[in-house]
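Architecture and fold: a report
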Amino acid sequence: MKRSLLFLTTIALLFSCSKNETPDTDEGTNNEVEISVAPAAIILEGNQTSFTFTLNCNAAWTITSGADWITAITPSSGENAVGTLITATSEENSGGLRSTVLTITAGEATKTVMVSQSEAAGQETFGKAYLMKATILEDSKGFNMLCDGDFEDTGDQAVCGPNSCWWAAASERVIGGAFSGDAYVCLNHDDIDENLGFQTVCTKPNTEYVVSASFLSNQDSGNPDTYFGVRVGTGIRPVNFEERLGEEFSTTWKQFSKAGNVGNNPVSEAFAFSFHKEGYIISWDDVVFKRVGDTQKSYGLTDMERIGSVYDMTGGAITSGDGCTVWDGGDGNVRFAFGKNVGDGDSATRENAFGVMTAEDKIDVLKTDDKVCEIIPKGSKEGGIMPTAGIAAGGKQWIHYQIIRSKEFGAGLWRGWGAGLASSDDGVTWTRTDVAFDKNGNFMQVAFLKEGGYVYMFGSKVGRGNEENVAVADEHYVKLARCPENEMGTQNSWKYWNGSDWVDGESNAIPIIYTGTLGEFSVIKNETTGRYLMMYMSLKRNALVVRDAASLEGDWSGEHIVYALGENENIYAPSFMPASASGNTVYFVMSSAWE
């Protein structure tokens, strides 16, 4: 009877687990601590001395502050919280911009509320934008479509942490004795419901792929049945091809591989599963997923450093803002489109602004009557207009913008009404075109790239939400569209990649990258390496990451971590500078919600 129940459990896991699903547990055994706060980021005026937020928690909790200018928190602890209003008091700010974090702790679970207070003058405060550089570095292990396939990422990015790219709920990360490197992962840990590990990738339909991995047992014989392979499709993903390992592994690492055709499926999962057997622990390491015969190289970025401040280059026109994007203006000068911002002497914020980099340390921000212009004003029923990408094409400057419904500064989730394109012949007068993208679609925020007479547009959903709490209830994918350079302003000229051809209809675009979480992002081709680079901030992994590919349609590599965020850091919206198109050094602008 026990074996029959075990078999049924296994079948359910193999055939019904998707990235958003967790295997069922017996009723009453799920004691996971859950904490939520609203809002998660708070901006205070310089003379403001109190603020509130709402807390929900299903366990005993405490709140602590990271700064002495937060003078009181009421209540600061409790047994449970259901819509509990938390009130905090602070000292009036007599200096410059300052920020801190309130930490809610319940057992081993934590949640933070970011608090920033503006300068004493009371001017509304957003964040900063910095000019960064990093070095391109070849990955010594070669191309892999999986993120962290060797389980070497640490901290919040580790396979057993909440920010892992792997679904491996019961796995244990072990240091020492790995097949290669320092770490490996125990696939099962005496739990028959959670001895499964997998990761989602996007694949080219009707293409042969191979998954390989090394396996290890803590015993030489009598090992439980263990399977690894590929599941395909969206939603419930059935097994497409797999390998049964049986008795073929022991206390010495052994490599296995399994190849197969993914069929007409753009989404796949590399997985491994081991039946539970008392006293046996099965481990795996160095998991690789790629096309059969693929020998391409792969590149990441290293040695990131800050080399300048974008807003310092504007001469006070903009002193604080909510992100910016950059592009080659086609005349040797770099263009900037700024999100919501404020400058010296301003009594109100602007939704957006435009600037041209006319010297190495100078950005001329567009003004009228000595006041910074809002280039794309919001309509009476629109919450805001946020530029996400820009490009020079067909003799014009173009900006993709998203129409904001509601957005809190510093937060990873927001909602939108849709997106569109605006153009300008001279960079002074900007006009919204009739091109529009659906608010629930995959082109709410984009990255442009021009090649071979076409403008390519990589698109994602609104917000930077993670899989468990997205602004639009779905996982985040990148999809791809294009149009001739001279036809950007014509809706029907935009065609969408369906896996084999460019077709009409945004809904016909297939995913080319699975990200789990993806916010504002940027794409560029580096001619020195011959690789396309895509950079974004991953909330899931709590890190700035980069992917690379030999072609626009993919296959794209897994995420290479560029910079893992530390405590109290909040960075987003990286945007490649045109100088990154050649050489082994890339330059980019990166926004930060805090100093």
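Residues numbered from 1 in each chain as written. Predicted model: local features only at pLDDT ≥ 70, side-chain atom pairs only at ≥ 80, totals over all residues. Heavy atoms only, no water.

1. Brief notes about empty space enclosed by the protein
- Scanning all chains against the criterion turns up 3 cavities of 30 Å³ or more.
- By volume, the largest cavity amounts to about 190 Å³.
- If you go around the largest cavity, you meet 22 residues; those closest to its centre are Cys147, Thr200, Tyr514, Thr515 and Arg547.
- Elements with a minimum of two residues in the lining of the largest cavity: β13 (196–202) and β38 (513–516).
- Of the residues that constitute the lining of the largest cavity, the class distribution is 9 nonpolar, 7 polar and 6 charged. (1 Å grid on protein atoms, 1.4 Å probe; cavity = no way out; pocket = protein on both sides within 12 Å on 5 of 7 lines; lining within 4 Å. Points joined across faces, edges and corners; volume = space filled by probe spheres on them. Helix = DSSP H or I, 4+ residues; strand = E, 2+ residues; numbered from the N terminus. Nonpolar A, V, L, I, M, F, W, Y, C, P; charged D, E, K, R; others polar.)

2. Description of the packing of aromatic side chains
- All chains considered together, the criterion is met by 24 aromatic pairs.
- Here tyrosine 209 and phenylalanine 289 contribute two aromatic rings whose centre-to-centre distance is 5.3 Å and whose plane-to-plane angle is 15 degrees, an arrangement assigned as stacked. Taken together, the residues tyrosine 209 in strand β14 (residues 208–217) and phenylalanine 289 in strand β19 (residues 282–291) connect sequence positions 80 residues apart. Across the pair, phenylalanine 289 and tyrosine 209 agree in class, each one buried.
- What links up through ring pairs into an aromatic cluster is the set Phe151, Trp166, Phe215, Phe228, Phe249, Phe256 and Trp284.
- Between the NZ or CZ atom of arginine 306 and the centre of the ring of tyrosine 130, over which it lies, the distance is 3.7 Å.
- Over the ring of tyrosine 454 we find arginine 482, and its NZ or CZ is 3.8 Å from the ring centre. (Phe/Tyr/Trp six-rings, centres within 6.5 Å; stacked < 30°, edge-to-face > 60°. Buried < 20%, exposed > 50% of the residue type's maximum accessible area, 1.4 Å probe, protein only. Lys NZ or Arg CZ within 6 Å of the ring centre and 35° of its normal.)

3. Focus on the sheet that holds strand β43 (residues 571–576)
- The strand order across the open sheet built from 4 strands is β20-β10-β44-β43, with neighbouring strands paired in antiparallel fashion. Strand pairing shows two members of the sheet lacking a second neighbour, β20 (299–309) and β43, which therefore form its edges. Shown here is a sheet whose adjacent strand axes are inclined to one another by a mean of 35 degrees, direction ignored.
- Note: strand β10 (residues 128–138) against β20, 8 bridges, orientation antiparallel. (Pairing = 2+ DSSP bridges. Axes fitted to C-alpha atoms, helices over the stretch in contact; angles between N-to-C directions.)

4. A look at the pattern of salt bridges
- This model, assessed by the stated rule, comprises 16 salt bridges.
- In this structure, the salt-bridge partner of aspartate 153 is arginine 541, at a minimum N-O distance of 2.2 Å. With a gap of 388 residues between them, aspartate 153 in the loop between β10 and β11 (172–175) and arginine 541 in the loop between β40 (531–538) and β41 (543–549) connect regions that are remote in the sequence.
- The residue arginine 531 makes a salt bridge to aspartate 548 at a minimum N-O spacing of 2.9 Å. Remark: aspartate 548 occurs in strand β41 and arginine 531 occurs in strand β40; sequence separation between them is 17 residues. (Salt bridge = Lys/Arg side-chain N within 4 Å of Asp/Glu carboxyl O.)

5. Examining the nonpolar core
- The biggest cluster of nonpolar side chains holds 28 residues, and the ones touching the most others in it are Val211, Phe215, Trp284, Val287 and Phe289.
- Counting only elements with at least two residues in this core, the list comes to β14, β15 (226–232), β18 (267–274) and β19.
- Within the second largest apolar cluster, 23 residues are counted, among which are Leu44, Phe53, Trp61 and Ile104. (Core = buried A, V, L, I, M, F, W, Y, C linked by side-chain atoms within 4.5 Å.)

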